[in-house]
Structure formats: structure tokens, C-alpha cells
Amino acid sequence: MKGKQREALGSAAAGQWWCRVILRGLALSFFLVGTIFVFFPDATVHAMNAIGFWFGDFTPLPSSHGRFWLSLATGYMALVALLAYAAQRDLRRHRDLLGFLALGKATTAFTTLSFYLHSTPAFIYIANTAVDGAIAVTALAIWLLIPWIVPPSAVRAAEVAAKRPLLSLPVFSAVLEAMVPEGGPFHEGALSARIEPLIEQFVAGAAAPMPAALALVLRLIDLSPFFLPPFRFQRFSRLPLSQRVLLLEAWEKSAFPPRRQAIHLLKLLVVAHFYSRPEVEARLGYPHPLERVPRPQ
Amino acid sequence: MIVRPEDAPGDLVEHCDVAVGGSGAGGAVVAADLACAGAQVIILEEGEYYTGRDFTAHALAEIGKLYRDRGFTGAIGNTLIAIPLGRAVGGTTTINSGTCWRAPEEVLGRWEREFGIPNLARGGLASEFERIERTLGVAPVPDDLLGPGAEAFCRGARALGWRGENIPRNAVGCRGTGVCVFGCPRDAKQAMNVSYIPQALRAGARLHVRARAERVLIEDGRAVGVVADRVGPDGRARGERLWVVAARTVLSAGALLTPVLLARSGLAERGGPVGRNLRIHPASRVTARFDRPIRAWEGVPQSYHIHEFEPEGIFLQGMVVPPAIHAVALPGFGHAHKERMAAYAHMASFGVLISDTSSGRVLTVGRRPLVWYWMNRNDTARLLRGISLAARAFFAAGAREVFTGVRQRPVLRSMAEAEELEHLPMRASDLEVMAFHPMGTARMGANALQCAVTPDGMMYGVPGLYIADASLLPTSPLVNPQLTIMALATRIANALFRSLSRGGGVGHLAREET
């Protein structure tokens with residue numbers, strides 16, 4: 001590879017990394033701000049009035065009792081948080097979402113500007129115009145940048161990954177190894193048996209929600225050490241084998257039925273595929289039924 | 001004649017006397033009886049036609065081939081309950097254990113008294129039962145095929161003074177391959193795919209495989225046939241349709257799919273009985289580990305049954321599964337689970353099944369059933385008692401430890417622990433529950449407000465439409481329902497034939513078309 005090409009690819013990768021970081025940051029801030037709005041609506045207005053007073057002669061805005069509008073605003077914040085989160089997951093495929101995000105933010109920026117100019121010159125209005133306007137511009141900028149920084153090959157890889165959601169998850173291998181590790185009474189383990197494609201193929205033949213449900217379960221398992229006991233401050237997929245086994249056992253013994261049922265489903269798929277292998281059956285002393293009782297000629 | 005979508009591609013219109021949607025215990029009987037009586041019959045089946053030569057005895061391969069949604073069918077509610085269903089010619093009879101019991105006299109008497117279905121009790125259904133048993137070769141499992149797992153359990157049960165017996169099955173020439181639920185590779189089990197369906201085909205019926213019934217055709221309030229999507233080997237629609245125009249239409253898609261078909265056809269009134277009153281047989285399994293090798297796989301998997309607790313609605317029935325399915329029942333992960341699996345040859349399992357008192361509902365979401373079932377405390381307590389009883393029998397037989405599938409006590413190590421188990425407070429979701437034999441979602445009876453189908457099998461308010469499957473059963477028959485469904489289907493076939501004869505004679509429609 002020539003030096004210039006390598007340089008271009010390197011800068012494209014850096015661009016993608018920055019775009020993702022910005023969008024993740026936005027998603028997180030939308031979520032936090034939306035949460036603050038819904039739980040502390042009056043305190044938010046008072047705080048913004050105080051900041052406005054510090055900056056200059058803005059009219060303080062009275063706290064509102066319009067809880068209905070607040071609920072709509074919360075829904076809006078949740079929506080824009082999801083838009084930003086989904087967009088950073090796959091920049092090229094979900095590029096259009098950035099257009100919606102920019103449109104939403106531009107709308108609130110113009111609305112609050114209009115209130116500021118024609119209704120009450122409150123600090124909170126002009127602050128929102130500045131913040132949301134900046135976000136709209138940022139979203140549009142990322143939208144424009146994406147064709148330059150995400151090469152088509154990355155799109156194809158993302159499409160392949162989208163079609164094979166399980167195989168693309170590192171946590172899948174980590175779960176396989178924890179469920180049936182190598183060693184012990186016989187050498188083979190689920191990871192070395194390469195049963196992942198078989199599981200994926202099997203699940204693909206089930207009802208439509210099954211592959212997505214399984215991918216969701218795997219993602220939850222991966223993040224579970226952060227929010228479910230026994231707590232660990234690492235993703236499941238990065239934990240050592242003994243810790244992963246402990247975590248899976250915690251899922252299996254959980255008093256929360258959906259958690260237990262989710263791991264049961266996953267266990268069914270993994271152990272059923274592993275223990276149906278003829279060499280493993282032979283290790284267990286289980287003869288193939290048609291060798292034990294041949295078909296009639 | 002068997003017709004696959006590839007044999008006659010494109011949209012197709014067929015005419016006949018009777019269109020039968022489904023080839024399980026109900027549909028196969030109606031199709032065979034009517035075809036043998038001279039009616040022109042077309043059977044539609046969503047799955048493929050397999051016989052012994054096609055069955056590999058490989059659990060996962062056969063689940064992929066023969067089970068609806070690869071076995072991921074079930075109910076939601078206060079717990080998740082897997083309800084495996086067959087999707088192949090023969091329906092669930094192709095993947096069941098072949099157990100064939102007559103519905104007990106008290107159940108038939110209740111159906112007669114409370115639901116106004118005439119002539120069931122006091123031997124009223126005996127001739128139908130006898131005929132079917134003769135056709136299927138129903139006989140108790142011979143002692144030499146009981147299998148070491150069942151023998152071990154049996155020893156324990158006898159030590160506790162419990163009564164039991166070898167299970168009557170529809171197997172002819174069975175040698176205990178041990179994979180009944182993955183399709184019998186020797187065609188010994190007389191499932192519908194090797195018994196009634198071949199009989200229907202020999203009598204001139206046409207069988208459209210991979211034809212997924214979509215809705216009933218209605219004209220002036222009368223059923224005039226079925227329209228089906230033709231599907232490829234992968235189960236996806238080919239974009240081709242099959243229209244079967246018939247003088248009489250019979251739905252036999254099973255208790256979970258028949259209500260969906262009725263709803264899609266606009267025949268399930270809001271608040272009406274269709275889709276309600278779902279009954280199942282909730283079940284669990286208990287696995288024991290012995291010090292000595294058992295080799296439980298040698299013999300018939302569901303070979304022995306304990307009578308003792310029938311008055312409580314608790315049934316203990318033999319079961320054996322290959323390592324792939326067995327592994328799921330053992331608790332734990334990692335090397336500990338592997339150590340347990342290494343002792344597979346030392347293990348034996350037994351099934352626990354209860355006759356439910358809870359009731360569920362089948363809702364229609366697109367083309368699929370959404371099954372809602374809330375298992376009540378009584379059923380939960382009885383299932384737990386069944387698990388406790390099975391564990392006791394295993395300990396009495398000398399088991400070292402017993403795996404229960406109960407969250408609070410996944411492993412028991414003594415008789416005392418087994419006895420204590422049934423007294424623990426438990427929720428349905430604490431147990432690993434699966435269920436068999438869904439039924440009752442279009443029940444038969446004389447009261448049109450409570451029931452969807454007349455005692456002759458015709459749907460109330462829809463002339464020309466008959467239902468012949470497990471949906472008909474008004475309550476749980478207490479035992480495995482295959483024989484009861486077949487007996488009622490025999491009656492419905494007779495009623496249908498009489499009605500056809502009254503309407504201008506068998507074959508009239510097809511003759512008109514030609």
C-alpha cells in the first residue's frame with residue numbers, strides 16, 4: 001500500500017472515530033438533559049434564570065405547570081437521543097437519521113429564537129437557540145462528511161454484519177467458551193468445535209424475532225457486569241473464563257424470570273449444538289441410534 | 001397423489017368435495033375416511049412429506065425439519081412455556097412418542113353431560129377407538145423394550161408402592177431406536193404420515209405439501225374452500241397461491257393454528273369462543289444420576305407410566321432424550337456442567353405432566369398465534385408435587401443426585417430433600433415448564449355461546465366449515481389426546497359424508513367441474 005493511500009485511510013478512520021464519539025456524546029447528553037427536564041422541570045428553569053441573571057439583563061421565566069408539554073418534550077429528547085445513538089452505530093447506513101436529528105434541533109432552535117424575539121427575552125430561550133442550533137449544524141456537518149470518511153467497503157462489511165448479527169458480536173464467542181470450555185473430562189470445547197455458524201443458521205430458520213432477540217440477549221450479557229450482580233467493571237467478553245462462568249451461573253439462578261429464561265434459551269442453543277456432534281456423543285458413550293438399531297433393509 | 005409446488009408451479013385452482021387443511025391426527029383421519037368412502041379429497045399441508053428413510057435420528061437436524069419454528073413455539077404469561085408442534089405431513093403425530101390412550105370414561109361422561117355431545121360415555125365412542133387402535137396397531141410396550149431408564153424408575157416406584165403399567169403405543173415392529181420425537185427412522189411408529197395419509201392417497205386423495213393455508217374462502221356466508229400460499233423448502237412463500245374450491249372445508253391445523261386461520265378469515269367473533277379456553281398439559285422433567293451406568297437410551301423413550309397420582313391429575317411418564325437435549329436440563333456451566341454431561345450414560349430421566357386447570361388464549365398477530373397462558377397456583381403446586389414424586393422414585397431406585405429444573409432446588413441429594421421440595425413456596429416461573437397437547441380453542445358442544453363447533457364438527461354460523469383437530473376438545477382429556485382427536489375426527493368424517501350425500505352425492509362438485 002502506498003504511503004498516501006495509507007495516510008488517507010488513517011485519516012478517514014480517525015474521522016469516523018470522531019463522528020462516533022460526537023454522536024455518542026450527543027446521545028448521552030440528550031438522554032441526561034431529557035431526564036433532568038422530566039424530573040426537575042422547575043429547578044431547570046430556575047437554574048437557567050439564575051445563569052441568565054449572571055450574564056445580563058434577561059427576563060426571568062416563571063416555572064410552568066404544563067406537564068403535558070413536558071411529557072411531549074421528554075419524548076422528543078428520548079427520540080433525538082435514539083437518533084444520535086443509532087446513527088453512530090453505522091454511519092453510512094443510518095446517515096439519513098442525522099438529517100432528521102438536524103431538522104429536529106433546528107426546529108427547536110428557531111422556535112425558541114422566535115419566543116425570545118416576540119414573547120419573552122428569557123435567557124433559557126436564547127441559550128437553547130445557541131445550543132440546538134450548534135447541534136443542528138454539527139449533525140449536518142457529520143452528514144456531509146460521511147461519504148468522504150466511510151469507504152464503501154465498510155458499508156459492505158456493516159451489511160454483512162447486519163445480516164449475521166450473532167457472529168459479529170465478540171460476546172458470542174465469550175459465551176460459547178464459558179458454557180462449554182475446552183478441557184475437563186474431554187478436550188473439545190464449544191469454541192474449538194466452531195458451532196457458531198450452525199447456531200446462527202438454526203436460529204435464522206426460527207420465527208423472525210428470534211435472531212434479533214438472541215442478539216439482544218447477548219448484548220445484555222456483555223454489559224451485565226456493569227449493572228447486575230455479581231458486579232464487575234468490565235464487559236463480559238473481556239472477563240477471564242472463571243468470572244464468565246460465575247456470571248452465567250448468576251443469570252441461571254436469578255430470581256428475575258426473564259433473565260433466567262434468556263440464559264436458558266442461549267444455553268439450549270449452545271449445548272444442544274455442541275453435544276449433538278458425533279465425536280462428542282461418542283465421548284459420552286452414546287452410540288448413534290441408527291448404528292445401534294439399523295434401519296430395515 | 002402428492003403435489004409439490006415445483007411439480008405444478010404458479011397459481012393453481014383445484015376443485016373437490018372436501019378440502020382438508022392440515023394432515024395431523026384430525027385431518028388425516030377425515031381425509032382417509034372420506035377418500036375411502038369415495039369423496040374427492042384434497043389435503044393441504046404446510047410442511048414436507050417425510051417418511052423413515054428421510055429421518056436421520058439427529059436431534060437438531062430433525063427439529064429443523066419437523067418442528068414449527070424449530071421448536072421455538074410457546075406461550076407467554078406468568079412464565080414462558082415451550083409448546084413443541086410438528087410441521088410436516090402427519091403433524092405432531094410425526095414427532096410425538098406414539099402414546100395412545102383412550103380418553104377416560106369420566107371425561108367422556110362430562111363432555112356428554114356438560115357440553116351436550118351425544119353418545120360419548122358408556123362405550124359410545126368405543127367402536128371408533130377400536131377401529132383406530134386396530135389400524136394403528138396400538139399395543140402396550142413389550143417388557144424387553146421398556147428401557148433401562150424406565151426399569152430403574154419402575155423399581156423405585158414399586159419400592160414406594162406405586163402402581164404403573166407399560167404404555168400403549170401405535171408402534172408396529174418397534175425395536176427401540178429411541179428417537180420417536182425426531183421422526184421414527186424405521187417407520188414403526190404409526191404416525192399419520194405412514195398410516196392414514198397413505199391410506200387416503202391410495203383411495204385417490206390429493207396431497208399438496210408445502211401449501212400453507214391462509215384463509216377460508218367464504219361465499220354468501222358459506223365456506224367454499226381454502227386459499228393457501230405455496231412455500232419453498234425453506235418455508236418462505238413462493239408468491240404462488242393454491243385455491244381449493246370445495247363443497248365442504250375441514251380445518252385441522254391444530255389448537256394454536258386453527259383459531260388463527262379462523263381469525264384471518266373473519267370467522268372469529270370478538271368475545272366469541274374461538275381462541276379462548278386453551279388447555280395444555282404443562283410438563284417438566286426430572287433427571288437422576290446413578291453410580292452405575294444406566295444406558296437409558298436403549299429402549300422406547302416413553303414406555304412406562306405411573307397410575308398412582310391420576311386422581312390428582314399428575315402423570316409420570318417415561319422419557320429419554322439424546323445428549324443434545326439432555327444437556328439443557330443439567331444446571332451450571334463450564335467444567336462443572338461438562339463433568340455432569342460426562343456421566344450421561346449414568347443418567348435417566350422421567351417426565352411429569354399434569355392435566356391443567358388453568359386456561360389460556362390464542363390471539364392472532366399477522367399469520368402467527370400469540371399464546372397467552374397464565375398457570376395458576378393449583379397447577380404450579382401439582383407440577384411441583386409431580387417433580388418431587390419423580391425425584392422420590394429415583395432416590396428409591398438408588399439415585400445419587402436428582403436434577404429438578406426448579407430454581408430454588410436445582411439439585412437434590414436425598415429422599416428427604418425430594419419430599420421437602422413439594423412444600424416449598426413456588427411460582428410458575430420458578431419451574432422449567434414445557435407443555436404438550438394444546439387443545440380446546442374451538443371447542444365442540446351443543447351451546448353456541450360457549451362453543452365454536454356443533455357436536456357434528458361444523459362451525460356454528462358457517463355452513464360448510466368443519467373443524468377436526470385438538471381445538472375441539474372441550475376440556476383436557478387427562479391423557480395424551482391423539483386417540484381422542486382421531487375418534488372425534490372419525491365421527492366428523494361420518495357426519496360430513498352424510499351431509500355430502502344429502503347435498504347431491506359424493507363427487508358431485510368435481511363432476512360438475514369436469
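Residue numbers restart at each chain and count upward from 1, following the sequence in its written direction. For this description, chains carry letters from A and ligands carry numbers from 1, given in the order in which they are written. pLDDT decides what is reported in this predicted model: residues at 70 or higher carry local features, side-chain atom pairs at 80 or more are listed and counted, and totals for whole chains, interfaces and linings draw on all residues regardless.

**Overview of the overall build of chain A**
No. 1: A count of helices and strands for chain A gives 13 helices and 0 strands.
No. 2: A helix here means a DSSP run of H or I that spans at least four residues, while a strand means a run of E at least two residues long, and both kinds are numbered starting from the N terminus. Each helix and strand of chain A, placed in order from N terminus to C terminus, yields the pattern α-α-α-α-α-α-α-α-α-α-α-α-α.
No. 3: Three exposure classes are used, based on other C-beta atoms lying within 10 Å of a residue's own C-beta, which is placed from the backbone: buried for 20 or more, exposed for 12 or fewer, and partly exposed in between. For chain A, with 297 residues in total, the buried portion stands at 29%.

**Looking at the overall build of chain B**
No. 1: Looking only at helices and strands, chain B has 13 helices and 22 strands in total.
No. 2: Restricting the calculation to C-alpha atoms gives the radius of gyration, and the globule rule supplies 2.2 Å times the number of residues raised to the power 0.38. Here the C-alpha radius of gyration of chain B, 23 Å, is about what a compact globule of 514 residues would show, namely 24 Å.
No. 3: Its C-alpha atoms give chain B principal-axis dimensions of about 70 × 45 × 40 Å.
No. 4: Residues are treated as contacting if the C-beta atoms built from their backbones sit within 7 Å of each other. By sequence separation, contacts in chain B at least 24 residues apart represent 75% of the contacts at least 6 residues apart.

**Quick notes on the environment of aspartate 379 of chain B**
Residues and elements named next belong to chain B.
No. 1: Mapped onto the elements, aspartate 379 comes out in helix 10 (residues 377–396).
No. 2: The exposure class of aspartate 379 is buried, given the 20 C-beta atoms found within 10 Å.
No. 3: For aspartate 379 and valine 41, which are 338 residues apart along the polypeptide, the C-alpha to C-alpha distance reads 42 Å.
No. 4: Setting aside chain neighbours within four positions, we find aspartate 379 in contact with Pro282, Ile354, Asp356, Thr357 and Ser358.

**Looking at helix 9 (residues 209–227) of chain A**
Residues and elements named next belong to chain A.
No. 1: Under the 1.5 Å per step criterion, the end-to-end length of helix 9 is 25 Å for 19 residues, consistent within 8% with the ideal 27 Å.
No. 2: For helix 9, the complete set of buried residues consists of Leu214, Val217, Leu218, Ile221, Asp222, Ser224 and Pro225.
No. 3: Next to the buried residues of helix 9 lie helix 7 (170–179), helix 8 (196–204), helix 10 (241–253) and helix 11 (257–275). How far a helix is expected to stretch is found by multiplying one less than its residue total by 1.5 Å.

**Topic: the interface of chain A and chain B**
Many structure descriptions define interface size as the accessible area lost when the parts assemble.
No. 1: With 38 residues of chain A at the interface, the matching set in chain B holds 39 residues.
No. 2: By residue number, the principal contributor to the side of chain A that touches chain B is helix 11 of chain A, which donates 9 residues.

**What to know about the confidence of the model for chain B**
All names here are of chain B.
No. 1: When pLDDT is averaged across chain B, the result is 94; 98% of the residues are at 70 or more.
No. 2: This model gives residues 510–514 a pLDDT under 50, and the stretch forms 5 contacts once residues within four places in sequence are excluded.
No. 3: Predicted as a complex, the structure gets a pTM of 0.81 and an ipTM equal to 0.92. pLDDT runs from 0 to 100 and stands for how confident the predictor is about each residue.

**Here's the deal with unusual backbone geometry**
No. 1: The omega angle of the peptide bond from proline 229 of chain A to proline 230 of chain A is -5 degrees, so this bond is cis rather than trans.
No. 2: Looking at the secondary structure, you find proline 230 of chain A in the loop between helix 9 and helix 10.
No. 3: Phi is positive for arginine 122 of chain B, close to 50 degrees, though the residue is something other than glycine.
No. 4: With phi around 55 degrees, aspartate 187 of chain B is a residue other than glycine that occupies positive phi space.
No. 5: For aspartate 187 of chain B, the position within the fold is in the loop between strand 8 (168–169) and helix 6 (196–202).

**Side note on the nonpolar core**
No. 1: Val30, Ala31, Val41, Phe153 and Phe394 of chain B are the most contacted members of the largest nonpolar core, which has 223 residues in total.
No. 2: Ignoring anything within four residues of it in the chain, the contact list for valine 30 of chain B reads Val20, Val250, Ser252, Ala468, Ala489, Ile492, Ala493 and Leu496 of chain B.
No. 3: To form a nonpolar core, buried Ala, Val, Leu, Ile, Met, Phe, Trp, Tyr and Cys residues must be joined through C-beta atoms within 7 Å. One finds Ala84, Ala87, Ile135 and Ile149 of chain A within the second-largest nonpolar core, a separate group that totals 23 residues.

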